[in-house]
Amino acid sequence: MSDCCSTATIKVPIEPRVAGRIRTVALVGPPNSGKSTLFNRLTGLRQKVANYPGLTVEQRVGRLNGIGRGDLTLIDLPGVYGLDSYSEDARVAVEVLHGEMPGTPAPDAILLVLDSLQLRRQLMLAAPVLGLGLPTLVLLNMSDLMEARGGVVDTLALAQELGVPVAKISATRGAGLDSITHFLNRKAEPVRNGSSGNAIEAPTPGRIELPVMGNPRSYRQWATGISTRTKYKAPISSEWTKRIDGVLLHRIWGPLIFLAVVFAVFQVVFSIGQPLSDGFGDVLNEGGAKIGALLGHNWVESLLIDGVWRGVASVLVFVPQILLLFLFIGVLEDSGYLARAALIADRVMRSIGLNGKAFIPLLSAYACAVPAIMATRTIENKRDRFATILVAPFMTCSARLPIYMLMIAAFIPNKPILGDLFGLRAAVMLSLYVLGFVAALATAWLLKSSILKASSAPFILELPQYRLPTIRSLSLRLMDRGQVFLKQAGTVILAVTIVLWFLSHIPFHADLAQSVIGRLGQFIEPAIKPLGFNWKIGIGLLTSVMAREVIVGTLGTLYGADPATQSLGLQAALRHDLTLGGAMALVVFFAFALQCTSTIAIVRRETNSWRWPALQFVYMSVLAYLAALGTNQAILHFVR
Amino acid sequence: MVAIALLSDFGVEAADDFDLSGAWKLSLLSELPIGTTGVVESLELPGEIQHHLMHMGFVPEARVVVVRRAPAGDPTVYSIDGFEVALRRDTAQAIRVREYEIR
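Values in this document were obtained by computation on a predicted structure and should not be read as measured data.

Novice: Teacher, can you tell me more about the overall build of chain A here?
Specialist: When helices and strands are counted, chain A shows 27 helices and 10 strands. Within chain A, buried positions represent 48% of all 640 residues. A separation threshold of at least 6 residues defines the contact pool for chain A, and within that pool the share at least 24 residues apart is 73%.

Novice: Just to check I follow, could you spell out the overall build of chain B for this structure?
Specialist: Along chain B, the regular secondary structure elements total three helices and six strands. Shown N-terminal to C-terminal, the secondary structure of chain B runs as helices and strands in the order α-β-β-α-β-β-β-α-β. Residues counted as buried form 37% of the 103 residues belonging to chain B. Restricting the contact set of chain B to residue pairs at least 6 apart, pairs at least 24 apart contribute 59%.

Novice: Just to check I follow, could you spell out the interface of chain B and chain A for this structure?
Specialist: Accessible area lost when the parts come together is the quantity often used to give the size of an interface. Taken together, the 28 residues of chain B in the interface contact 31 residues of chain A. Those elements giving two or more residues to the side of chain B that touches chain A turn out to be helix 2 (47-55), strand 5 (83-87) and helix 3 (89-92) of chain B. Top element by residues in the side of chain B that touches chain A is helix 2 of chain B. It accounts for seven residues. Taken together, the residues of the side of chain B that touches chain A sort by class into 15 nonpolar, six polar and seven charged.

Novice: Can you walk me through the environment of Asp 89 of chain A in this structure?
Specialist: Residue and element names in this part refer to chain A. Within the secondary structure, Asp 89 sits in helix 2 (residues 88-97). Judged by local crowding, Asp 89 falls into the buried class, with 21 C-beta atoms found within 10 Å. Taking C-alpha positions, Asp 89 is 30 Å from Thr 396, a pair spaced 307 residues apart along the chain.

Novice: I keep staring at the pairing of strand 5 of chain B and nothing clicks. Help me out?
Specialist: Two faces belong to every sheet, and in a regular strand the side chains alternate between them. Residue and element names in this part refer to chain B. Of all five residues that make up strand 5, five are buried, and the element is covered over most of its length. Of the two faces of strand 5, the one carrying Phe 83, Val 85 and Leu 87 and the one carrying Glu 84 and Ala 86 are both buried. Hairpin connection from strand 4 (residues 76-80) to strand 5: two residues lie between these consecutive antiparallel strands, with Asp 81 at a positive phi of about 55 degrees.

Novice: Would you take a moment to explain the nonpolar core for this structure?
Specialist: Side chains that are nonpolar tend, in soluble globular proteins, to be buried together. If you look at the biggest cluster of nonpolar residues, it comprises 191 residues, and the most contacted ones within it are Leu 27, Leu 112, Val 138, Ala 369 and Phe 589 of chain A together with Val 85 of chain B. Here this core takes 10 residues from helix 25 (residues 580-592) of chain A, the largest share from any one element. Setting aside anything within four residues of it in sequence, one finds Val 138 of chain A in contact with Leu 112, Leu 114, Ala 126, Leu 162, Val 164 and Val 166 of chain A.

Novice: I would appreciate a short explanation of helix 22 (residues 535-543) of chain A in the present structure.
Specialist: Helical periodicity: at 3.6 residues per turn, an α-helix aligns residues three or four positions apart in one direction. Across the nine residues that make up helix 22 of chain A, a large majority, eight, are buried. Within helix 22 of chain A, the full set of buried residues consists of Trp 535, Lys 536, Ile 537, Gly 538, Ile 539, Gly 540, Leu 541 and Thr 543 of chain A.

Novice: What am I meant to see in the environment of Ser 335 of chain A here?
Specialist: All names here are of chain A. Following the sequence through the fold, Ser 335 ends up in helix 13 (residues 319-335). On the basis of neighbour counts, which here come to 16 C-beta atoms within 10 Å, the residue Ser 335 falls in the partly exposed class. With 239 residues separating them along the chain, Ser 335 and Leu 574 place their C-alpha atoms 43 Å apart. Every residue in contact with Ser 335, bar those within four places of it in the chain, is listed here: Tyr 466, Arg 467, Leu 468 and Pro 469.

Novice: How should I be thinking about the confidence of the model for chain B in this particular structure?
Specialist: In low-pLDDT regions, the fine details of the predicted coordinates are not to be read closely. Residues and elements named next belong to chain B. Per-residue confidence for chain B gives a mean pLDDT of 77; residues scoring 70 or more make up 74%. In the predicted structure, residues 1-20 sits below a pLDDT of 50 and forms 18 contacts with residues beyond four places in sequence or in another chain. Note on the complex model: pTM 0.72, ipTM 0.77.

Novice: Looking at this model, I keep getting lost on the packing of helix 21 (residues 516-528) of chain A against helix 22 of chain A. Mind explaining?
Specialist: Any two packed helices are characterised by the angle at which their axes cross and by the distance between the axes. Residues and elements named next belong to chain A. The contact between helix 21 and helix 22 brings their axes to 8 Å, and the two run at 95 degrees. Relative to helix 22, the element helix 21 lies roughly perpendicular. Residues Ile 517, Gly 518, Leu 520, Gly 521, Gln 522, Ile 524, Glu 525 and Ile 528 of helix 21 form the contact with helix 22, whose own contacting residues are Trp 535, Lys 536, Ile 537, Gly 538 and Ile 539.

Novice: What am I meant to see in the packing of helix 22 of chain A against helix 23 (residues 550-561) of chain A here?
Specialist: Residue and element names in this part refer to chain A. Where helix 22 meets helix 23, the axes come as close as 8 Å, and the angle between the chain directions of the two elements is 140 degrees. Relative to helix 23, the element helix 22 lies oblique. Remark: the crossing between helix 22 and helix 23 carries right-handed chirality. Residue-level contacts link Lys 536, Ile 539, Gly 540 and Thr 543 of helix 22 to Val 550, Ile 551, Thr 554, Leu 555 and Leu 558 of helix 23. Looking at the contact of helix 22 with helix 23 residue by residue, the class counts come to five nonpolar, three polar and one charged.

Novice: Explanation requested: unusual backbone geometry in the structure shown.
Specialist: Trans peptide bonds make up most of the peptide bonds, and negative phi angles are found at most residues other than glycine. At the junction of Asp 74 of chain B and Pro 75 of chain B, the peptide bond is cis and its omega measures out at -5 degrees in the coordinates. Considering the arrangement of structural elements, one finds Pro 75 of chain B in the loop between strand 3 (63-69) and strand 4. Phi is positive for Asn 608 of chain A, close to 55 degrees, though the residue is something other than glycine. Positionally, Asn 608 of chain A belongs in the loop between helix 26 (597-607) and helix 27 (611-638). The residue Glu 61 of chain B is not glycine, and still its phi comes out positive at about 80 degrees. On the secondary structure map, Glu 61 of chain B appears in the loop between helix 2 and strand 3.

Novice: Teacher, can you tell me more about the confidence of the model for chain A here?
Specialist: All names here are of chain A. Scored by pLDDT, chain A has a mean of 81; 88% of the residues are at 70 or more. Mean pLDDT across the elements of chain A bottoms out in strand 2 (residues 47-51) (58) and peaks in helix 25 (95). Here residues 201-206 is a poorly scored stretch, pLDDT under 50, and it has 14 contacts once near neighbours within four places are set aside; other chains count.

Novice: Help me understand the environment of Trp 501 of chain A, please; the structure alone is not making it clear to me.
Specialist: All names here are of chain A. Positionally, Trp 501 belongs in helix 20 (residues 471-505). Through-space distance from the C-alpha of Trp 501 to that of Ser 302 is 8.9 Å; in sequence the pair is 199 residues apart. Sequence-distant contacts of Trp 501, that is, excluding residues within four places in its chain, are made with Leu 303, Gly 307, Thr 557 and Ala 561.

Calculation rules
Residues numbered from 1 in each chain as written. Chains lettered and ligands numbered in written order. Predicted model: local features only at pLDDT ≥ 70, side-chain atom pairs only at ≥ 80, totals over all residues. Helix = DSSP H or I, 4+ residues; strand = E, 2+ residues; numbered from the N terminus. Buried ≥ 20, exposed ≤ 12 C-beta atoms within 10 Å, placed from the backbone. Contact = placed C-beta atoms within 7 Å. Nonpolar A, V, L, I, M, F, W, Y, C, P; charged D, E, K, R; others polar. Pairing = 2+ DSSP bridges. Core = buried A, V, L, I, M, F, W, Y, C linked by C-beta atoms within 7 Å. pLDDT = per-residue confidence, 0-100. Axes fitted to C-alpha atoms, helices over the stretch in contact; angles between N-to-C directions. Parallel < 35°, antiparallel > 145°, perpendicular 65-115°, else oblique. Left-handed = near helix turned anticlockwise from the far one by under 90°.

Below, the structure is given as structure tokens:
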């Protein structure tokens, strides 16, 4: 919905390297090695996220507070398979490790995270990393899982082979992290004292043989040789994963389950989320009324209750539903199902010129386009990735829910179509979702057959083992999203409602229509009249350029300020003021328009140019205007 | 399937234990049936993609098992070095493998 990601620049004091002293530590590892989990553990979640200057690669930096070393800086490098600059991520990793990245301090030590379930393959990254010659600690992550599944590795032999200390850890459980503390403390002292905690020290560092640099084949031979000599036995791949895949990727059951999962998510979000939101709304309204009674009847009460409370509360009621949607997407992603969904969707995505990997960001765009656009980083092909970024805001994000629900509840009768399960309201809501999806597919096809045309890009998708999502990671997700939403309600929406209240009460004692905001609205009214909108909706369209959900707060404040509708609820006030055509044109307008400054900012960041967000904004606005015009005119002419 | 796995564990010499009318047959990864194992011979893909695949373990002499096809028949899931990766037919077509056939 909104500002999920602060794009503040990171200010890390750059101090000159002092021999033997560690100030900055780099975290290196292949994708899916559990690097991010470890980073969160080590920094205690106080991290700064930004982009490397001029690049589309994310930079995450934090202090090592998680292990009591707040004096040290930890840099999380992008997940890479090797240090040959074949991708933007790898180029960034190489530049940071060589201390050539402007604004990023040169690392004095390296933590190399490898997934011990796939050690033979992951060791290939150790060769170029050790070749850098920096103090390095090799961390065998998920070693608890490896041992539980019958995997074995001789860490002492591995440390001897690699010439650096090796430690077994579990980033998810936080086990074995003291080895990192020992490693950092030891390296900080000029004289070695022999104790190294869990880490197994190499007796003769610096005298190891590395393969020919830059040649994957020699890396592989080297890695295979080492895993044989260290008696590495890969764990038996989980029988469960195979059995579950037998059903979830079944020729017939697979697609059916896939559709059922998507449908179930929406069903639950609406059938459980709606009563939750309604209940929460009642609590908020009662609270407002009680506080209003305490204040008495004056302009302060009018500002606080009619203006601020109405505006902010009308947005806050959607918190339960939005969190529920994020919870489902989190479960699907953490369990490993989303990768399977991408595999199933690949065939369909291919027909519009995208690949299955684009499905994951598009599905999460149902919650919010901002994290979805960040998730497009898994798409290697730049043209595919840009096409996905450009169409993601068409997916019905949760910020559209407030205005959809408001208009549907106000204008669509609750007639059953298929018994109690599926009514007219649900049908309208579903068609809005389909409308956004179709617009996304059509636009993707248009882009891929014109400005983003490319030869078919490869589809390389790693299928992770299934695992149970942990309560910890799910609740972290929800807290994160909840905070973002509340921050939005507490800052942008609060500010908009206060400004609106004043503008609609100046000059004092004038009618709403004669106020500053009324005049502005009437000025733009001719442009939106053919869509069936009145000037109040026009003001809502202007304020919601910041974020879609703002329109509900705006309408709440405007109708609250109008004596004619003050005593009515927002739904009744809207019915009083709009036709069915105008109401449906409004939701269609919202289905297409790009009213979200956070999305515009993230597209600018991810494409590293203003060209793409500008194109996207103009395209979506024109489409929204034309579609709303068509809707209103069609309803005027064909529906009585 | 079991025979093939054993065979590649012990090297080609172990073939004495099996029916000698079988032979190593050159093929494309995309042509291997489900459940069979192939040994990577060479890759012929554009530089960046080739590099990516090689770092994921698709290097000469690596053993690849064909695990299953996606419900639509494509992409196909392969198992390499104990993890699973899905490739489309047009990518798998560019990977030459040898396959042991028992007649």
